[in-house]
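Letter by letter, the chains look like this.
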Amino acid sequence: MSFEFTVLPDERFIEILEAWVDSPWPKTTEDGYALRDHFGWTPDSQDPALFASDVEPDEPSAYFTARNDSIKSLTFPITDIAPEEARGESLADALVIYRHFCDILKSRYGKPKKRSNRDGHYSSTFVTPQGVGVDVGGTIAHVSCIVESPEQMFIASEYQRLVAKGYISEDE
């Protein structure tokens, strides 16, 4: 089966980075709703933090998480999802798209702080000067982006520090 990913345009990706990543943190849920509306993303009728995105405009495909009115993360697709029957052939294209978006992030934020490639899941995490994490990742089926607040990045680094010192085990 022939399949071609729908891909978020570079300019739009940079707009999203400027609005969500490069602007001041912390962000409130009201900030999240305002940014969602600014980008023209349609909210889900049951959960306003879940919304349609540029590459999947007809269904909820992006969302942000929040606790105590403070946004913790934003997840949005860079590509649509390959149909099951095209997934064997879509890996090469997904990797090209993934690397391209990593290059955009590298030009903005420097080298990734972390990279992984396990069992067909690959990701690169970049950290901005203000401590915001930007993770681009994918599989044979899609490529997506997760933005993590400075608070979440701090919690993750503290967890890793405690594991490295042996104070807690990796699965706690």
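Everything here concerns the structure above.
From a predicted model like this one, the values you see are computed outputs, not experimental measurements.

About the thresholds
Residues numbered from 1 in each chain as written. Predicted model: local features only at pLDDT ≥ 70, side-chain atom pairs only at ≥ 80, totals over all residues. Heavy atoms only, no water. Helix = DSSP H or I, 4+ residues; strand = E, 2+ residues; numbered from the N terminus. Buried < 20%, exposed > 50% of the residue type's maximum accessible area, 1.4 Å probe, protein only. Contact = heavy atoms within 4.5 Å. Phe/Tyr/Trp six-rings, centres within 6.5 Å; stacked < 30°, edge-to-face > 60°. Expected span 1.5 Å × (residues − 1).

1. What about the environment of Pro 77?
- Here Pro 77 shows up in strand β3 (residues 70–77).
- Exposure remark for Pro 77: the relative accessible area of 8% places this residue in the buried category.
- Taking C-alpha positions, Pro 77 is 20 Å from Gln 46, a pair spaced 31 residues apart along the chain.
- Contacts of Pro 77, omitting those with residues within four sequence positions, involve Leu 8, Ser 53, Val 55, Glu 56, Ser 61, Ala 62, Val 143 and Ser 144.

2. Quick look at the packing of aromatic side chains
- Under the defined criterion, the tally for this structure stands at nine aromatic pairs.
- Seen from their ring centres, Phe 3 and Phe 5 are 5.0 Å apart, and the 80° between their planes marks the pair as edge-to-face.
- Exposure remark for Phe 3: the relative accessible area of 21% places this residue in the partly exposed category.
- Since its relative accessible area comes to 8%, Phe 5 is described here as buried.

3. A look at helix α3 (residues 87–109)
- Here α3 contains 23 residues, and its C-alpha end-to-end distance of 31 Å stays within 8% of the 33 Å for a straight helix at 1.5 Å per residue.
- Those residues of α3 lying buried are Ser 90, Ala 94, Leu 95, Ile 97, Tyr 98, Phe 101, Cys 102, Ile 104, Leu 105 and Tyr 109.
- Contact partners of the buried residues in α3: α1 (10–21), β5 (121–127), β6 (133–138) and β7 (143–148).
- Immediately beyond the C-terminal end of α3, within one or two residues, lies Gly 110, with a positive phi of roughly 90°.

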